[in-house]
Each structure stands twice: as C-alpha cells, then as structure tokens.
Amino acid sequence: MVNDALIAARLRAYTGLTIFSEMTALAQAAGAVNLGQGFPDSDGPPEVLEAAREAIAQGLNQYPPATGLPVLRRAVAERRATDHGVAYDPDTEVVVTAGATEAIAAALLGLCEPGDEVVVFDPLYDSYGACLAMAGLRRVPVLLEHDGTRFTFDPDALRAAVGPRTRMILLNTPHNPTGKVFDADELALIAGLCIEHDLIAVTDEVYEYLVYDGLRHLPLAALPGMRERTLTISSAGKTFSTTGWKVGWACGPARLVTAVRTVKQYLTFASGTPFQAAVATGLTECMPWVENLRATLERRRDLLVTGLREAGITVLAGNATYFVQVDARSFGTDDGDALCRDLPASAGVAAIPSVALYDDKKAGRHLVRLAFCKDESLLATATARLAGRARATDPATALTRRD
C-alpha cells in the first residue's frame, strides 16, 4: 500500500493509476474492444520505420545533443515554415523532447514560479494537472461547453480568468478530449489577452495534422504579436502513429526554448537518437502519408458516429483528434464513470469517462470519450455492441446489463 505521507502533498492526488491505465486493465480483463486509450492499432509510414532500423544499424545509438539531432531540428523548423508560415532558427529556437508531455512539463517548470496561475481550458488532458502540481502552479480553468453544434467557451469567462498572478495560458488545439479546433476569432481573443497582460502562451498542437471537415489548424504563434511570446509544442506520436517513440519538440523564441532546454537537460537530457533521425525522415518525406492518415481517420470517425447515432446514441463529434464524446444518458444513466466501468463486461467495449479529465465534475459527469483510431472492423464491432447495450437499457434503470 502506498504511504501518502512519503509523497509530496501537491502530488498525492496523482498516486493512483491514470484513468487510461484503469480502463485498459478492465478492457484486457474482459477481452473488450478498447476504444479508451488513444493509440492507433497500426504502424506509421514504412519509410519512417525503415529509417529507424537504418539509424540503429548505422550506430546512432548514443546520446544525441541535449537539444536534439540537428537533422530533426531542421526538419521541424522547415515544417513549421512551410505549413504554418512561422519561421524558427533550428539552432536556437527548436528543442527536441521526450514527447510533448516532457515539453509541457519543462515549459511549466522553466517559465513559471511556484504560486503563479496558469489558465487552461476544461476539460484538459490528465498530465496537465500533474505537471502543474509538480511545478507548484495554480490552474484556472475555463469551461468548454457544447452549444448544440460545437464545444466553445464564454469569452467573458476567459477574460475573468486572467488576473494579477496569471503567468501563462496553456492551450491545446486541436483539443483532447473534445476534438475542438479553436477558430480564428477564439485565437484572436486569446492572443489579445496575452498581449494585453504580457502573458506567455504554451500551445499543445500534437493533433495539428489530424483535422477534418475541411477545417485547418491555426497556430496561435502565427497571429500578430504572438510569435515572440508563444512556445509551440508538437510531436511525432500522433502525426506518424508512433506513440511509443516519445519524440516531441518545442518551438519558440530563444528565451522560451532556453527555459525548456534548461529543465529537460536535467530530466531526460536526451533520448531516442535513432527515432529522432527517423522522425526527421517522416517530416521531410512522408507528409503525403500523413494526409492519407487524416482522411482515413475522418472516415473512421464518420463510421463510428453514424453507427452510434443510428442506434439512438447521442454523439458530440468534434472536428479533429482521435476522439468523440458520447452522452451516457443514451444508456440510461448520467454517470459516465460508472458506465465506463460497466461497459467492458456488459458490452465488451472500453471507453474513458470524460469526467476524469474535467475540473468541473458536474459538466463532465455525463460524457464518455471514445477513440476511433482503430481498425474499421473493430469499430464496427464496438458500434454494434454499444448499440445493443443502449437498446438493452431500461430507461428507468441505470446500468442495466444486457442478457
């Protein structure tokens, strides 16, 4: 048993397994289709995988520079300039990290003082809360609410969230778990507040290429006055379906990147040398593959959403990422957490209770996150099982098991 007295007080809320580990364990125990944890069930571009093998064979197996292999830093800078029109010096304004998670943690530790406030959008990916706690920071959430068409937020609530102790706005777009793509007007409001109050912006853009419905990802750093105060974070995991490689990066003005490098060199120093070389190949040679991935994921999202809606299940489908939100009330309960703990056994499907990612527990109580980055046959099986589970539910009784 864990002795909480031995753990720093600020981290005691995080001693248990993550919700993703919990739901995956339930899925494995029940032999359920796992639509919970957001990882693809197929590998990335063959050229990228082969590049990793070649790098290993050629001896790229020792420490890379703390800032990352030069070939990868150049590839990242070229990609940002080509795709988003934002230029970075690969030698001073790009740093390679152990996934986006390390970049976010290093940014919070390196750019904030304990007691500072950081504005976040609620719900938020679970590592954000832990990273904020490790840095001794206070998170100030701004709720994303579904208006019947999309998730959005109250501009006045965002304005009110910025106070004298605010140091940073931490923005995730495209957004996990809602699939929201922040639009130009929303980004302009965020940029205006950053400039008015002299705030740093840290943007988590790991789903930047997985955007659907004819929309386009807009980086906050591209807005007037924002390049010099924005640290942009992305990674190879989602772009190239290599989540296990943990290769990420941060781009920004040298003063912000230096803060990240200063922290990361005492966390991991560096990692994944052959994988860094392979990701550089992906960024320079395999973007058509990424576009095909985007189209494939959009089709899979539509298959899942259409099938669930035809079964009478309420789905809040976003415009990006791997995820959709489902309303637990379609299954006769407003308790999404209880539903997710029941589904592996009662329906043979695992999901994530969105409430685990919400600061406002009331707002997220009835929502469930499903991942569609899976094989289409698996999605079809999961859809049929969830449809059967919904039909078998007695509207007067929560969590009725199917026969």
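Residues numbered from 1 in each chain as written. Predicted model: local features only at pLDDT ≥ 70, side-chain atom pairs only at ≥ 80, totals over all residues. Heavy atoms only, no water.

1. Some remarks on the overall build of the protein
The criterion, for reference: Secondary structure elements are defined from DSSP: runs of H or I of at least 4 residues count as helices, runs of E of at least 2 residues count as strands, and each element is numbered from the N terminus. Put simply, the radius of gyration uses C-alpha atoms, and a globule should come to 2.2 Å times the residue count raised to 0.38. For every residue, the accessible area (1.4 Å probe, protein chains only) is compared with the maximum for its type, and the residue is labelled buried under 20%, exposed over 50%, or partly exposed between those bounds. The contact rule is simple, with two residues in contact once any of their heavy atoms fall within 4.5 Å. A 1.4 Å probe and the Shrake-Rupley method give the accessible areas. Residues count as covered only by the protein chains that appear here. A positive count includes Lys and Arg, and a negative count includes Asp and Glu. His and the chain ends are not counted in either. In this description, the location of a charge corresponds to atom NZ of lysine, CZ of arginine, CG of aspartate or CD of glutamate.
What the protein contains, in helices and strands, is 14 helices and 15 strands. Relative to the 2.2 N^0.38 estimate, which gives 22 Å for 403 residues, the radius of gyration of the protein is 21 Å and therefore close to what a compact globule would have. Considering only C-alpha atoms, the protein reaches an extent of 60 × 55 × 50 Å along its principal axes. Out of the 403 residues belonging to the protein, those deemed buried represent 56%. Considering only contacts in the protein between residues 6 or more positions apart, those separated by 24 or more positions represent 75%. By element, 52% of the accessible surface of the protein is carried by carbon and sulfur atoms, the whole surface being about 16,400 Å². Positive and negative side-chain charges of the protein, numbering 39 and 48 respectively, have mean locations separated by a distance of 3 Å.

2. Thoughts on the side chain of Thr281
In this fold, Thr281 is placed in helix 10 (residues 273–285). Exposure remark for Thr281: the relative accessible area of 18% places this residue in the buried category. Excluding anything up to four places from it in sequence, Thr281 contacts Glu47, Ala51 and Cys286.

3. So, empty space enclosed by the protein
For clarity, the threshold we go by: Here the term cavity refers to a set of points on a 1 Å grid, laid over the protein atoms alone, in which a 1.4 Å probe fits but cannot get out; the term pocket refers to an open set having protein on both sides within 12 Å along at least five of seven lines, with lining residues being those that place an atom within 4 Å of a point. Grid points are joined across faces, edges and corners, and a volume is the space filled by probe spheres set on the points. Each residue gets one label: Ala, Val, Leu, Ile, Met, Phe, Trp, Tyr, Cys and Pro are nonpolar, Asp, Glu, Lys and Arg are charged, and the others, such as Gly, are polar.
Within the structure shown, the criterion is met by four cavities of 30 Å³ or more. Its boundaries defined by the atoms lining it, the largest cavity holds a volume of some 50 Å³. In terms of residue class, the lining of the largest cavity is built from five nonpolar, two polar and two charged. Taken as a whole, the second largest cavity encloses approximately 40 Å³ of empty space. In terms of lining, the second largest cavity is formed by Leu308, Ile313, Val326, Phe331, Leu343, Val368, Leu370 and Leu386. Residue composition of the lining of the second largest cavity, grouped by class: eight nonpolar, no polar and no charged.

4. What to know about the UniProt feature "domain: Aminotransferase class I/classII large" (unreviewed entry) in the protein
Applied cut-off: UniProt positions are given in the numbering used here, feature names are shortened, and annotations may be inferred rather than shown by experiment.
In the numbering used here, UniProt assigns the "domain: Aminotransferase class I/classII large" (unreviewed entry) feature to residues 33–372. Here residues 33–372 runs as 40% helix and 18% strand, with 11 Å between its end C-alpha atoms.

5. Things to note about the nonpolar core
When a protein is soluble and globular, its nonpolar side chains tend to lie buried together. Inclusion rule: By convention a nonpolar core is built from buried Ala, Val, Leu, Ile, Met, Phe, Trp, Tyr and Cys residues, the set being connected through side-chain atoms within 4.5 Å.
Ranked by internal contacts, the top residues of the largest apolar core, which has 71 residues, are Leu108, Val118, Leu231, Ile313 and Leu370. Considering each element in turn, this core owes the most residues, eight residues, to helix 4 (residues 99–111). With residues near it in sequence (within four places) discarded, Leu108 still touches Val118, Cys131, Leu132, Ala135, Leu137 and Met168.

6. Comments concerning the packing of helix 1 (residues 19–30) against helix 12 (residues 336–346)
To keep things clear, this is the line we draw: Helix axes are fitted to C-alpha atoms over the stretch in contact, other axes to C-alpha atoms as well, and angles between N-to-C directions run from 0 to 180 degrees. Roughly parallel refers to an angle under 35 degrees, roughly antiparallel to one over 145, roughly perpendicular to one between 65 and 115, and oblique to any angle outside these ranges. Crossing handedness is read from the near helix: turned anticlockwise from the far helix by less than a right angle, it gives a left-handed crossing, and turned clockwise, a right-handed one.
Close contact between helix 1 and helix 12 brings their axes to 8 Å; oriented N to C, the two are set at 20°. As far as their axial angle goes, helix 12 and helix 1 are roughly parallel. Judged by the twist between their axes, the crossing of helix 1 over helix 12 is right-handed. Residue-level contacts link Ile19, Glu22, Met23, Leu26, Ala27 and Ala30 of helix 1 to Cys340, Arg341, Pro344 and Ala345 of helix 12.

7. A word on the side chain of Thr173
We apply this condition: A 3.5 Å cut-off defines polar contacts: any pair of N or O atoms within that distance qualifies, except that in protein one atom must be a possible hydrogen donor and the other a possible acceptor, and neighbouring residues in sequence count only when both atoms are side-chain atoms.
Looking at the element boundaries, Thr173 is found in the loop between strand 7 (166–172) and helix 7 (184–197). A distance of 3.1 Å separates the side chain of Thr173 from the backbone nitrogen of Phe182, its partner in a polar contact. With near-sequence residues (within four places) excluded, Thr173 lies in contact with Lys180, Val181, Phe182, Asp204, Glu205 and His217.

8. Here's the deal with the sheet that holds strand 7
By definition, the strands of a sheet pair up through backbone hydrogen bonds, in either a parallel or an antiparallel sense. As a reminder, the rule being used: Any two strands with at least two DSSP-identified bridges between them are counted as paired.
Taken together, the seven strands give an open sheet; going across it, the order is 2-10-9-8-7-3-4, and neighbouring strands pair in mixed fashion. Only two strands of the sheet have a single partner each, and these edge strands are strand 2 (94–97) and strand 4 (138–143). Strand-to-strand twist in this sheet, taken as the mean axis angle between neighbours without regard to direction, amounts to 20°. With four bridges joining them, strand 8 (residues 200–204) and strand 9 (residues 230–235) adopt parallel strand pairing. The residue bridging Thr203 from the neighbouring strand is Thr232, located in strand 9.

9. Let's talk about the pairing of strand 8
The element strand 8 is largely enclosed, with a buried count of five among its five residues. Along strand 8, one buried face is formed by Ile200, Val202 and Asp204 and the opposite face, lined by Ala201 and Thr203, is buried too. Across five bridges, strand 7 lies against strand 8 in parallel orientation. Note on strand 8: the bridge partner recorded for Ile169 is Ala201.

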